[in-house]
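# Residue-level structural notes
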Amino acid sequence: MLAVSGAAYAELGEPEKEDLKFGFIKLTDMAPLAIAYEKGYFEDEGLYVQLEAQANWKVLLDRVITGELDGAHMLAGQPLGATIGFGTQAHIVTAFSMDLNGNGITVSNEIWEQMKPNIPHEDGKPVHPIKADYLKPVVESYQDQGKPFNMGMVFPVSTHNYELRYWLAAGGIHPGYYAPHKGDTSGQIDADALLSVTPPPQMPATLEAGTIYGYCVGEPWNQQAVFKGIGVPVITDYEIWKDNPEKVFGVSKQWADEYPKTHIRVVKAMIRAAKWLDEENNKNRPEAVRILSKSQYVGADYDVIANSMTGTFEYEKGDKREIPDFNVFFRYNATYPYYSDAIWYLTQMRRWGQISEHKPDSWYMDIAKKVYRPDIYAEAAKELIAEGVMDAKDFPDFDSESGFKPPQTEFIDGVTYDGSKPNEYLEKFSIGLKGEQQI
C-alpha cells in the first residue's frame with residue numbers, strides 16, 4: 001500500500017491533523033469505522049485514529065461540538081437538527097453516508113399475542129410486511145382502559161423516531177407532535193402512542209421490565225429480543241422505506257474548514273471500508289461480525305450480530321427470512337450524501353412539529369446544502385479512482401449528479417417521495433402538520 005500512499009500524498013498533500021479521535025455508539029452500523037481502522041485504511045491515509053464508544057447520542061454530539069471528538073458516527077438527523085437549532089445548536093456537516101436500512105421495530109411478547117389475531121397468515125406464518133393497522137386495535141384497547149401505550153426510540157432526531165412515527169401513522173395511530181416554540185419537546189401532544197427516548201443497548205431490558213411495549217432500534221438490539229425470548233421484531237425499516245439512509249459520519253463545520261485534506265482522507269478510508277463490507281455479495285461479513293463482536297466495538301455475541309449482518313433477519317422465534325439488503329454499506333451508492341436524503345429528514349421534522357412553522361421548498365434545499373457535502377465526497381472518490389483503488393463505476397457520475405434520487409415509491413403506505421417538492425410531499429399525509437399548520 002506504500003506506493004498508493006505515496007501517490008496519494010503527491011496528489012492531495014499531507015493531512016493537516018494526523019492524530020484523530022472518532023466517537024460511535026455500539027451498533028452494527030458503526031462498521032465502516034471499525035473496518036477502516038482494522039484494515040489499516042486510515043493508516044494508508046497517514047491518519048492515526050482512536051475509536052471510542054460513547055454513552056449516548058447527546059454526549060456524542062456535544063463532544064463533536066466541543067472538539068473532544070474530531071468526528072463521529074451520527075444519526076442522519078443529528079447534523080440537520082443541530083444546524084437548524086432543534087436541541088443543541090451547532091453547524092455540523094456530513095460528507096459520508098454510513099449505511100442504508102439496518103433498523104427494526106420490536107414489540108413485547110404480550111403485545112405480539114394481542115396483535116396476532118389481526119394479522120393475515122399463510123402456511124401458519126404471518127404475512128409480511130406487518131402494518132401498524134394490526135396494532136391499532138391493541139392501542140385502542142389500552143386507551144379504553146386508560147393505560148398509556150408507551151414505546152421507545154433512540155433520540156428525537158433519529159431515523160428510528162421518524163420510522164416508528166411513519167409506520168404508526170400509516171396504520172392510523174397518531175405518534176404525537178412536538179411544540180418547541182412552546183417549550184414542549186416531549187413529542188407527545190395528541191399522541192395515541194407515547195414515544196420516549198431509550199438508549200439502544202438498554203432497549204431489551206426496558207421492554208422486559210414492561211416500561212415500554214415496543215421500540216424501534218438498530219441492530220443488534222432487535223435480534224437480541226428474539227434471542228432473549230422477550231419480544232418479537234414485527235417489521236424492518238427496509239419494509240417501511242426500502243433502502244432508506246441511516247447513519248452518517250459527522251464533523252463540525254469549523255473542523256471541516258480547518259482540516260480539509262484530513263477530512264478528504266477520512267472519507268477515502270471509509271469509502272474503502274464500506275466497499276469491503278459489501279464486496280462480492282457480502283463475502284466479508286462473517287469477518288466483519290467477528291470484528292464487531294469485540295467488546296470495544298458492539299460487544300454483542302457473534303450469533304446475535306450475524307443474524308442480521310449476514311443477510312437474514314429473524315422475526316418471531318424460528319421465523320428467519322432472507323433480507324440480503326438488511327444492512328447495506330456500499331451498494332446503491334449508499335455512501336453518497338444525497339440532498340434528497342437530508343430533505344426527507346427535514347420533512348419529517350416539519351411533519352411532527354420539530355420545525356414549528358411552514359418553510360418554503362427553497363429553505364429545505366438551503367439547509368440540505370449547508371449540511372450535506374457531496375463536493376467533499378466527490379474529491380475523496382476521485383482520489384481513489386486516480387489511485388486505481390476504486391473504479392469510476394463504483395460511484396455516481398459526478399458531472400451529472402444533482403444530489404437528488406429519482407422519486408421514491410417503496411414506502412409502506414405507497415406514498416411517493418420527491419425530494420425536490422417537500423411541501424407537496426407533506427400534503428400527502430392524513431396525519432401530520434402541513435402548509436401553515438402550527439401546534
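What counts and how
- Position numbers for residues start from 1 in each chain and track the written sequence from start to end.
- A pLDDT threshold of at least 70 governs which residues receive local features in this predicted model, and a stricter bar of 80 or more applies before side-chain atom pairs are shown or counted, although totals over entire chains, interfaces and linings include all residues.
- Excluded from the side-chain calculation are hydrogens and water; included are all heavy atoms of the structure.
- Elements are defined by DSSP. Helices are runs of H or I of four residues or more, strands are runs of E of two residues or more, and each kind is numbered from the N terminus.
- We take the radius of gyration over the C-alpha atoms and set the globule estimate at 2.2 Å times the residue count to the 0.38 power.
- In this analysis, two residues are considered to be in contact whenever any of their non-hydrogen atoms come within 4.5 Å of each other.
- Exposure was quantified through the Shrake-Rupley algorithm and a 1.4 Å probe, taking into account, for residues, occlusion by the shown protein chains and nothing else.
- Only four residue types enter the tally: Lys and Arg on the positive side, Asp and Glu on the negative side, with His and both chain ends excluded.
- Where a charge sits is defined by one atom per residue type, namely NZ (Lys), CZ (Arg), CG (Asp) or CD (Glu).
- Residue burial is assigned from relative accessible area. The probe radius is 1.4 Å, only protein chains are included, and a residue is buried under 20% of its type maximum, exposed over 50%, and partly exposed in between.
- We define the nonpolar core as a collection of buried residues of types Ala, Val, Leu, Ile, Met, Phe, Trp, Tyr and Cys that are connected through side-chain atoms lying within 4.5 Å of one another.
- Pairing between strands is defined by DSSP: at least two bridges between them are needed.
- Axes, fitted as lines to C-alpha atoms, cover a helix only where it is in contact. Angles between the N-to-C directions of the axes lie from 0 to 180 degrees.
- We define a salt bridge as a contact between a side-chain nitrogen of Lys or Arg and a carboxyl oxygen of Asp or Glu at a distance within 4 Å.
- Each pair of aromatic rings taken from Phe, Tyr and Trp, with Trp reduced to its six-membered ring, is defined by centres within 6.5 Å and is described as stacked if the planes are under 30 degrees apart, edge-to-face if over 60, and tilted in the remaining cases.
- A ring is scored as having a charge over it whenever the NZ atom of a lysine or the CZ atom of an arginine sits within 6 Å of its centre and within 35 degrees of its normal.
- Orientation categories follow fixed angle ranges, with anything under 35 degrees roughly parallel, anything over 145 roughly antiparallel, 65 to 115 roughly perpendicular, and all other angles oblique.
- Throughout, the ten residues Ala, Val, Leu, Ile, Met, Phe, Trp, Tyr, Cys and Pro are labelled nonpolar, Asp, Glu, Lys and Arg are labelled charged, and all others, Gly among them, are labelled polar.

## A closer look at the overall build of the protein chain
- Across its full length, the protein chain carries 19 helices and 18 strands.
- For 439 residues, the compact-globule estimate of 2.2 N^0.38 gives 22 Å, and the protein chain sits close to it at 21 Å.
- Principal-axis analysis of the C-alpha atoms gives the protein chain an extent of 70 × 50 × 35 Å.
- Contacts in the protein chain between residues far apart in sequence, at least 24 positions, make up 74% of those at least 6 positions apart.
- With the model as given, the accessible surface of the protein chain reaches about 15900 Å², and the carbon-plus-sulfur share is 47%.
- If the 42 positive side-chain charges of the protein chain are averaged to one point and the 64 negative ones to another, these points end up 1 Å apart.

## Regarding unusual backbone geometry
- Note the cis peptide between His-128 and Pro-129, where omega equals 0 degrees.
- Within the fold, Pro-129 resides in the loop between β8 (125-126) and α7 (136-144).
- In this chain, Glu-219 is followed by Pro-220 through a cis amide linkage whose omega measures 15 degrees.
- You can see Pro-220 is positioned in the loop between β13 (214-218) and α10 (223-228).
- Positioned with a positive phi, Asn-282 is a non-glycine residue whose angle comes to about 65 degrees.
- Relative to the elements of secondary structure, Asn-282 occurs in helix α13 (residues 260-282).
- Not every positive phi belongs to a glycine, and Tyr-332 is a case in point at roughly 55 degrees.
- Examined against the element boundaries, Tyr-332 turns out to sit in the loop between β18 (327-328) and α16 (339-351).
- Residue classification places Tyr-332 among the partly exposed residues on the basis of a relative accessible area of 44%.

## A few points about the nonpolar core
- With 87 residues, the main nonpolar core has Met-115, Leu-135, Phe-149 and Trp-167 as its most contacted residues.
- Val-93, Val-266, Leu-277 and Phe-395 belong to the second largest nonpolar core, which has 57 residues in total.

## Remarks on helix α2 (residues 31-38)
- In terms of burial, α2 is largely enclosed, as 6 of its 8 residues are buried.
- Looking at α2, one finds that the buried residues are Ala-31, Pro-32, Leu-33, Ala-34, Ile-35 and Ala-36.
- Downstream of α2 by one or two residues, Gly-40 has phi in the positive range, about 80 degrees.

## Looking at the sheet that holds strand β1 (residues 19-24)
- Here we have 5 strands laid out as an open sheet, ordered β2-β1-β3-β15-β4, and mixed in their pairing. The strands lining the two open edges of the sheet, one partner per strand, are β2 (48-53) and β4 (92-97). Sheet twist, expressed as the average angle between the axes of neighbouring strands with direction ignored, equals 30 degrees.

## Considering the pattern of salt bridges
- Evaluated as defined, the whole model comprises 30 salt bridges.
- Here the salt bridges share partners, and the residues they tie into one network are Lys-21, Glu-52, Arg-63 and Glu-68.

## A look at the packing of aromatic side chains
- As enumerated under the stated definition, the model contains 30 aromatic pairs in all.
- Members of the aromatic cluster, joined through ring pairs, are Tyr-162, Tyr-166, Trp-241, Trp-344, Tyr-345, Phe-411, Tyr-417, Tyr-425 and Phe-429.
- Taking NZ or CZ as reference, Arg-351 lies 3.8 Å from the ring centre of Phe-429, over its face.

## Observations concerning the sheet that holds β13
- Within the open sheet, the 5 strands sit side by side as β12-β9-β13-β6-β14. Their pairing is mixed. Of all the strands in the sheet, the pair left with one neighbour each is β12 (194-197) and β14 (231-236). Taken over all neighbouring pairs, the strand axes of this sheet differ in orientation by 25 degrees on average, direction set aside.
- Two elements, strand β6 (residues 103-108) and β13, share 5 bridges in a ladder whose sense is antiparallel.

## Here we look at the packing of α2 against helix α14 (residues 285-292)
- At a minimum axis separation of 10 Å, α2 and α14 run at an interaxial angle of 95 degrees. Compared by their axis directions, α2 and α14 come out roughly perpendicular. Each of Ala-31, Ala-34, Ile-35 and Glu-38 in α2 lies in contact with α14, whose residues at this interface are Ala-288, Ile-291 and Leu-292.
- Looking at the contact of α2 with α14, its residues break down into 6 nonpolar, no polar and 1 charged.

## Here we look at the pairing of strand β3 (residues 71-75)
- The buried fraction of β3 amounts to 5 of the 5 residues, a majority that puts the element mostly inside the structure.
- Relative to β3, β1 runs parallel, the two being bridged by 2 bridges. When the bridges of β3 are listed, Phe-22 appears paired with Gly-71.
- The sheet contact formed by β3 and strand β15 (residues 247-252) spans 4 bridges and is antiparallel. Along β15, the bridge assignment pairs Ala-72 with Gly-250.

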